[in-house]
Amino acid sequence: MSHHEERNKKVREVAKKALEDKKVRYFIGYTPGTYCGRDQPVFVDKPGDVDRLQWGPGSTHNLAVYIMDDKRRPLKKGEQPDKRPIGIIVKGCDTMGLVEYLKERIIDRNDVFLVGVECDGIVDQAKLEARLKKEKVPIKARLDLKLSVEGDDLIVDYEGGNLKVPFKDLMLDKCMVCDRREPIMHDVIITRTGELKEGREETARVGERRKKGRSKSRKEEDYADIKAIEDMTLDERAAYWDKELSRCIRCYACRSSCPLCYCEQCVVDPSNLSTKPTTAPEEKARRPKWVERNNDLSETLFFHLVRALHTAGRCIDCGECERACPMDIPLRKLTRKIRKDMKELFDQEAGSDPNEKPAMATAREEDPQEFVR
Amino acid sequence: MTQDRPMKEGLIKKGEVVRWLRALAKEGKEVLVPVETDGKVGYEPLSSVKDDKVLLDFTNSHRPPKGVVFPQNEVLLLYETEKDKKDAAGKIKKGSLKVREVRPEMKETVIFAIRPCDARAVAILDIVFSGTNMDPYYWARREKVLLVGLACAEPDLNCFCTSVGGSPGGKEGLDILLTGIDGGLYAEALTTKGVDLMASKAFEAPGAGASEEAEVTHKAAIVAFARVLKDGVVEPKAVAETLTGKYEDPYWDETARRCIGCGACAFLCPTCHCFDINDEGTKRKGRRVRSWDTCQFPDFTQHTSGHNPRPLKKFRIRQRVYHKFKYMPDNIGVLGCVGCGRCISMCPMNMDIFKVLVDVKAWEAQAKKGAKP
Amino acid sequence: MSGSCYGQGYGEAGGKNLYLPKIAEIINIKEETKGARAVKTFRFRFVDELAQRSFSYRAGQCAIVSVFGAGECMFALSNTPLIKDYMEVSVLRQGRVTAALHELQVGDTIGVRGPFGNGFPIANWVGKNIIFIGGGIGQAPIRSIMNTCIRKKGDFKRLTLIYGARTTADLVFRDELDQLLKSPDIEVHLSIDVAEKSWPHFVGFVPTNVLEVKPPPDDSIAVTCGPPIMIKFVIMNLEKLGFKDDQIFTTVEAKMKCGIGKCGRCNIGGVYVCKDGPVFSQKQLKALPQEY
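As the structure is a prediction and not an experimental result, all values here were calculated from the model.

**A short note on the overall build of chain A**
If you tally the helices and strands in chain A, you get 15 helices and 9 strands. Over its C-alpha trace chain A gives a radius of gyration of 22 Å, about what one expects of a compact globule, namely 21 Å for 373 residues. Projecting the C-alpha coordinates of chain A onto the three principal axes gives extents of approximately 65 × 55 × 45 Å. For chain A, the proportion of its 373 residues judged to be buried stands at 44%. A separation threshold of at least 6 residues defines the contact pool for chain A, and within that pool the share at least 24 residues apart is 68%.

**Quick look at the pairing of strand β2 (residues 39-46) of chain C**
In the case of a regular strand, side chains alternate between the two sheet surfaces. Residues and elements named next belong to chain C. In this structure, strand β1 (residues 22-33) lies alongside β2, joined through 8 bridges in antiparallel fashion. Bridge assignment links Glu25 to a residue of β2, and that residue is Arg45. Across 6 bridges, the pairing between β2 and strand β5 (residues 87-92) is antiparallel. Across the sheet, residue Lys40 finds its bridge partner in β5, namely Val91.

**Details of the interface of chain C and chain B**
In many analyses, interface size is given as the accessible surface area lost on bringing the parts together. On the side of chain B, 50 residues touch chain C, which itself brings 41 residues to the contact. When contributions to the side of chain C that touches chain B are tallied by element, the ones reaching two or more residues are β4 (71-76) and β6 (109-116) of chain C. Taken together, the residues that form the side of chain C that touches chain B break down as 16 nonpolar, 18 polar and 7 charged.

**Let's talk about the domain arrangement of chain C**
Residue and element names in this part refer to chain C. Splitting chain C by domain gives domain 1 (22-116) and domain 2 (122-251). For domain 1 and domain 2, the distance between their C-alpha centres works out to 24 Å. With 17 residues of domain 1 at the contact, the number on the domain 2 side is 15 residues. Mapped by element, the contributors of at least two residues to the side of domain 1 that touches domain 2 are β1 and β5. When the residues that make up the side of domain 1 that touches domain 2 are grouped by side-chain class, the tally is 7 nonpolar, 7 polar and 3 charged.

**Quick look at unusual backbone geometry**
For the bond from Gly114(C) to Pro115(C), the omega torsion is 0 degrees, close enough to zero to count as cis. Considering the arrangement of structural elements, one finds Pro115(C) in strand β6. Of note, the phi angle at Lys136(A) is positive, near 55 degrees, even though the residue is not glycine. Relative to the helices and strands, Lys136(A) is located in the loop between α4 (125-134) and α5 (139-143).

**Examining the pairing of strand β1 (residues 9-12) of chain B**
All names here are of chain B. Pairing between β1 and strand β11 (residues 184-189): 4 bridges, direction antiparallel. Opposite Gly10, over in β11, you have Ala187 as the bridge partner. Where β1 and strand β12 (residues 203-204) come together, 2 bridges link them in antiparallel fashion. Each residue of the ladder has a partner; that of Ile12, found in β12, is Phe203.

**Digging into the domain arrangement of chain A**
Residue and element names in this part refer to chain A. On domain assignment, one finds that chain A holds domain 1 (3-212) and domain 2 (224-361). If you average the C-alpha positions of domain 1 and of domain 2, the two centres end up 25 Å apart. On the side of domain 2, 19 residues touch domain 1, which itself brings 21 residues to the contact. Going through the elements one at a time, α3 (92-103) and α8 (204-212) are the ones with two or more residues in the side of domain 1 that touches domain 2. In terms of residues, the side of domain 1 that touches domain 2 owes the most to one element, α3, which gives 8 residues.

**A look at the nonpolar core**
In terms of nonpolar packing, the biggest core is built from 276 residues, with Ile88(A), Ile89(A), Val115(A), Ile111(B), Val148(B), Ala187(B) and Val223(C) touching the most fellow members. The biggest single contributor to this core is helix α2 (residues 116-128) of chain B, with 8 residues.

The rules behind the values
Residues numbered from 1 in each chain as written. Chains lettered and ligands numbered in written order. Predicted model: local features only at pLDDT ≥ 70, side-chain atom pairs only at ≥ 80, totals over all residues. Helix = DSSP H or I, 4+ residues; strand = E, 2+ residues; numbered from the N terminus. Rg over C-alpha atoms; globule rule 2.2 N^0.38 Å. Buried ≥ 20, exposed ≤ 12 C-beta atoms within 10 Å, placed from the backbone. Contact = placed C-beta atoms within 7 Å. Pairing = 2+ DSSP bridges. Nonpolar A, V, L, I, M, F, W, Y, C, P; charged D, E, K, R; others polar. Domains from an automatic or database assignment. Core = buried A, V, L, I, M, F, W, Y, C linked by C-beta atoms within 7 Å.

Here it is in structure tokens:
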């Protein structure tokens with residue numbers, strides 16, 4: 001059995017057991033999507049449905065984004081709150097989002113049953129589709145692809161043929177610089193060879209790893225593209241961002257796909273989900289409108305820059321915002337700039353230690369204070 | 001460059017196309033042409049494009065050219081309350097409120113190489129924005145827009161126009177349809193405005209059999225739809241009927257679970273037309289703007305009282321499907337979908353409206369089976 | 001489909017711009033209730049005489065009022081259309097636009113566009129008993145149809161009003177109700193939810209009062225408007241009393257923006273509440289998805 005099949009088998013075993021033992025309310029995982037070998041998120045409620053689950057190079061999504069929805073779901077009449085956790089498959093990057101949730105105390109560790117998966121990288125769908133076009137793979141064959149990894153290569157199986165491509169040619173940019181291919185927090189972990197290891201990993205190990213400087217698969221966070229923008233003159237930078245952000249259609253895909261954008265009342269999102277039947281008229285009448293609904297560049301700039309700042313100390317660079325954006329706006333350049341600043345100014349890295357205090361809610365003696373005169 | 005008498009059909013060599021378009025531009029028309037920028041196709045003014053950048057070979061543009069007749073933001077009116085004045089006797093005369101309509105003013109605009117699905121979408125918007133309550137802003141633009149269609153030679157991966165009453169050689173909404181054949185583009189003027197556009201020496205008489213050759217091109221594209229090859233054609237009338245009884249089906253709950261509630265699908269859709277109206281400015285001076293909105297946003301139907309008729313995602317995605325495939329056909333006789341597939345390609349969580357149609361088709365088959373004695 | 005509707009202009013010569021409000025002046029403001037659930041009735045006239053003279057509407061139709069800078073809101077026109085000199089809307093202070101409206105004074109100007117919607121099918125009710133059932137601020141559209149029927153009382157059989165609110169402080173059109181209690185033209189039954197000193201009328205919810213009053217269903221039409229929960233139980237009780245679905249009418253509330261069935265916001269099933277409603281019979285409502 002290839003290690004892909006072995007991993008899938010283990011994912012299904014773990015989910016089945018957890019559902020049969022009624023240890024979890026339901027399972028969030030990945031299932032084959034509808035085109036080009038991508039996966040789609042799937043919610044499995046019954047042990048009989050676990051065969052839908054799989055995990056592979058098409059498992060792009062950060063499933064942690066569904067947790068807040070679940071937390072906020074109003075109870076039906078007479079429904080008692082179910083205290084059992086949600087089972088959820090997490091890659092290394094996804095886990096960091098959960099670390100932030102714990103830091104911000106909006107979930108309890110027992111709210112989630114984490115099935116960690118060791119990851120070799122995820123396919124960039126846009127790059128894959130371009131490659132399939134280039135290789136003239138027949139259009140019908142492109143619908144049903146099977147993706148698998150062998151060594152350093154990505155194998156694309158389709159009806160009537162296959163492709164073998166160096167994986168790094170078709171990998172998501174964020175995976176190329178990933179340093180957390182092993183999730184740091186989990187209740188069970190499925191290794192890349194398909195072994196199932198029990199036991200919770202505590203993130204204290206992360207602190208050790210950081211102190212030591214490196215872990216086996218760690219790569220230097222590559223900020224070369226950020227530095228390139230930093231080196232631009234102010235005018236060049238303004239022109240760059242005006243050009244990129246003028247494409248924004250304010251669909252809020254970035255905000256919706258970001259696990260850390262969970263605020264019901266968002267400063268830059270005109271829709272206000274905190275209005276309930278009990279909200280006082282006074283509050284609704286006086287609520288300031290910070291940004292208009294139109295997508296004039298001025299409003300859009302405000303949206304993106306403020307949102308980026310609000311990710312300070314929180315953004316884990318799962319990259320979902322940039323992937324979700326239908327207009328190919330390089331959103332990660334904004335958020336990674338903030339990450340770079342947080343590292344340089346405060347030696348802080350989001351998503352590493354749930355016991356840390358949230359970065360922007362902490363003041364230390366050694367924080368830079370040149371602005372204080 | 002005018003001919004003695006208008007042509008109904010013609011042939012234009014591929015090399016002559018840009019010259020023809022530049023001549024139209026010289027007459028004072030705005031000509032929008034498909035060009036590739038950063039790997040994405042979009043419609044740009046010919047005046048800013050080099051001859052060799054005008055595309056004749058592409059599947060479809062990234063965004064539909066819907067914005068030409070229905071822009072994302074549109075100023076409806078300006079308001080201003082004049083300052084209070086003191087008259088000769090020292091009495092304060094209250095400044096009067098002035099409200100001024102802002103009329104969209106547009107040059108005659110030719111959208112060149114619009115695909116039949118997107119043109120059909122404009123024809124659908126024509127119906128939506130007319131009726132007993134004509135929308136003057138839409139029509140001020142629409143009256144000035146001419147659509148020169150380019151029949152599809154090759155569908156994109158997620159195209160399904162033939163499942164919603166369309167065709168790669170469809171003529172609805174177009175002033176001219178161009179189809180690639182041996183020797184150039186076979187041109188058919190479908191309206192008097194189209195006939196006027198074709199009054200150019202660039203168009204020769206077509207050879208015998210040109211129209212049949214064009215049919216061959218259309219047919220070749222019709223059999224190349226990957227989705228249809230895989231799942232068969234969907235019959236839209238049957239869809240509307242089947243949907244009637246499936247309103248409360250748990251299918252909508254299950255399908256909605258992975259939706260993250262962004263607006264990517266609606267904002268990339270050529271037929272979506274919902275909008276919001278907001279005042280921008282102070283109580284004394286400002287403007288009233290309408291901007292694109294979507295039933296997928298959580299606050300779309302939310303009352304100020306806090307009551308929301310569609311509080312959960314399942315209600316909202318059900319509304320999207322029902323509105324496009326049942327309410328619109330029942331109400332105004334047209335489907336709200338042209339099968340361009342952009343919503344499928346752009347959804348970050350792989351929501352797939354064609355899959356929904358296939359599932360509805362399966363329900364219909366089930367119901368028929370059950371109905372047999 | 002191509003080439004359709006090209007002929008219809010929209011400017012001075014041709015069609016109207018239904019998005020463009022006309023300017024109206026507030027000529028009277030009446031405080032109906034105070035406090036957290038403050039209601040004010042605004043009486044206004046178009047500044048342009050011709051606009052005022054040519055504005056005609058059916059009871060149950062609505063107008064969209066603009067407080068420029070804050071926005072627009074759809075309100076039921078709460079006075080009877082038989083009065084030509086002015087229009088009235090009764091506004092509960094809830095959010096940005098209604099709060100801005102509540103801050104205006106007599107003499108201030110607002111934008112008004114309309115009338116929108118379908119209105120009550122009063123022509124079909126000739127010769128019938130009409131029972132008006134209102135709760136809280138829901139009395140606003142009821143007042144319009146009720147006063148129209150009272151003025152045309154010869155066309156109808158018995159007129160009845162069953163109206164209630166949470167407390168006496170929440171009753172709207174109080175002075176008019178006191179007059180109606182004395183009027184021979186209509187039988188009035190008032191209620192408040194919880195007993196108060198010197199309240200001589202029924203104590204209890206409006207749906208309960210409906211069962212108390214027991215209007216007979218024969219040859220009758222019931223018109224009800226109020227909080228959704230009240231409407232639900234009123235309709236339930238009317239059905240208990242033998243009213244059929246096509247005898248019960250209500251107005252549906254929805255979030256609205258354009259008012260003319262274009263922006264999509266108030267779309268429920270095959271209808272737009274702004275254009276095809278807000279008046280619906282229970283028979284029509286049952287055929288709609290229950291998303292309101």
